[in-house]
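# Fold and geometry: a report
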Amino acid sequence: MPELSAQRAGELAGPDNRPIKKVAVLGSSGFVGRAVVAELGSRGVEVQRVAAPRLSWPLTQALRTDSVPAGLHDDVVNALATQLDGSQVVINTAGLPDGSAPDSAGLYGGNALLPTLVARASALVNANRLIHVSSAAAQGPMALDETSRTMPFSPYSRSKAIGERLLRREDRIDAVIYRSTWVHDVDRPNTRALIRLAQSRMSCVAGDGTAPTPQVLIDDVAAAIVHLGLVNGTVPPIVLQPYNGMTTGLLLRLLGGREPLHLPPRVARYATRCLTAYGKTSLNANAHARRVDMLLFGKRQTPGWLANQGLAPKLRPEAWERLRTAGTPQPSTSSPHADAFAGPRTGDSQLRDTSGADAANTHLTK
């Protein structure tokens, strides 16, 4: 269980101090869902695992509607309600998590339409609260906060922003939108890509590397989500994952085991301007440009509800260093030249460029 900067609020309970005994988790087999299930289990809460339906919703429909039409996919809502029945809290971790995904009906079905259908199903079974896992990517280049403002920069971030907007229209259940920041774990492709970049000659930051950057470990994310589901009392409609103290330079040092190159801010800013100009050619190109900008300059966030409750996670440098060393092959003692060959890292299905540049460009997503 991750260590927080303050103690959790004792025995958490639902409305009227009734203990929460059963929580439904949609997307329980996914990256975030598995961690949430494990966190709930560590607190002795019964988990109802719910399979998320696969939905298709064209972008044209997602953009032109202010709310999901009544009666749309009532069959899906009723089927979900059957699976949710008996759960006091519903946590939706389902969706398409690929930050580099192109526009598709499946992307908007999973990230934009599904949250509203889950809210309607949760209301049918009289659940106390719905926690919907969104993404800070919905706010794009803005400083991160807990307002409803969004500025999407890619198909993925746009699908998340639309999902938030439509869910806020639902008033039949207490719904909390949780915005995760950039989440890492040992087996996640974006984390391994960032590690390869941090260990390569491409590892660099702007200036002294003390700019804040919103990177977080998966167990801290799971702890925050579960707290939002179980805590007694009022929770704001939008909650941001708290900042843990990570900086641009420290991130690359912990994951790369070496000091990154420090670029003069003017040079770094010129590079990002060029990338931003290139990003105007497509939403996908803009997504890559935004990621590079965040690695160089970081991103600020306004302290939110969880931070004000004293529930910001500690940085835990040793946990970040374990990400770097986990799965790293040890040099063979049978051959004096073993270290001259670079093989694929754990989780890779094929050989990759060992400089890390190609992999980082492909996988650096939320």
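Above: the structure in question.
Residues numbered from 1 in each chain as written. Predicted model: local features only at pLDDT ≥ 70, side-chain atom pairs only at ≥ 80, totals over all residues. Heavy atoms only, no water.

### Regarding the overall build of the protein chain
- Secondary structure assignment for the protein chain yields 13 helices and ten strands.
- Taken across its 366 residues, the protein chain has 52% of its residues classed as buried.
- For the protein chain, contacts bridging at least 24 residues in sequence account for 83% of all contacts bridging at least 6.
- Split by element, the accessible area of the protein chain, about 16500 Å² in all, is 52% carbon and sulfur. (Helix = DSSP H or I, 4+ residues; strand = E, 2+ residues; numbered from the N terminus. Buried < 20%, exposed > 50% of the residue type's maximum accessible area, 1.4 Å probe, protein only. Contact = heavy atoms within 4.5 Å. Areas by Shrake-Rupley, 256 points an atom, 1.4 Å probe, with all protein chains shown as cover.)

### Quick look at the pairing of strand 3 (residues 89–92)
- The two faces of strand 3 match: Val89 and Ile91 on one face and Val90 and Asn92 on the other face are all buried.
- Strand direction decides the pairing type here: strand 1 (residues 22–26) and strand 3, joined by four bridges, are parallel. Directly across from Ala24, in strand 3, lies its bridge partner Val90.
- Relative to strand 4 (residues 129–135), strand 3 is paired through four bridges, and the arrangement is parallel. (Pairing = 2+ DSSP bridges.)

### Examining the pairing of strand 2 (residues 46–50)
- Bridging between strand 1 and strand 2 involves five bridges; their strand directions are parallel. Its bridge partner lying in strand 2, Val25 is registered against Arg49.
- For the crossover that starts at strand 1, traverses helix 1 (residues 31–42) and ends in the parallel strand 2, the hand is right-handed. (Right-handed = clockwise from strand over helix to strand, strands pointing away.)

### Examining the side chain of Thr272
- Relative to the assigned elements, Thr272 resides in helix 9 (residues 265–279).
- Taking the relative accessible area as the measure of exposure, Thr272 reaches 4% and is therefore buried.
- Residues in contact with Thr272, not counting those within four places in the same chain, are Asp293, Leu296 and Phe297.

### Focus on the nonpolar core
- Leu26, Leu80, Leu84, Val90 and Leu130 are the most contacted members of the largest nonpolar core, which totals 35 residues.
- Residue contributions to this core peak at ten residues, all from helix 4 (residues 105–124).
- Residue contacts for Leu26: discarding those within four places in its chain leaves Val50, Leu80, Leu84, Val90, Ile91, Asn92, Thr93, Ala94 and Val118. (Core = buried A, V, L, I, M, F, W, Y, C linked by side-chain atoms within 4.5 Å.)

### Digging into the pattern of salt bridges
- For the structure on display, the rule yields eleven salt bridges.
- Residue Arg172 is joined to Glu170 by a salt bridge in which the shortest nitrogen-to-oxygen separation is 3.3 Å.
- Owing to a relative accessible area of 54%, Arg172 belongs among the exposed residues under this scheme.
- The exposure class assigned to Glu170 is buried, which follows from its relative accessible area of 13%.
- Counted as one network, the salt bridges with shared partners bring together Arg120, Glu170 and Arg172. (Salt bridge = Lys/Arg side-chain N within 4 Å of Asp/Glu carboxyl O.)

### So, the packing of aromatic side chains
- This structure, assessed with the given rule, holds zero aromatic pairs.
- Over the face of the ring belonging to Phe297 we find Arg269, whose NZ or CZ atom lies 3.6 Å from the ring centre. (Phe/Tyr/Trp six-rings, centres within 6.5 Å; stacked < 30°, edge-to-face > 60°. Lys NZ or Arg CZ within 6 Å of the ring centre and 35° of its normal.)

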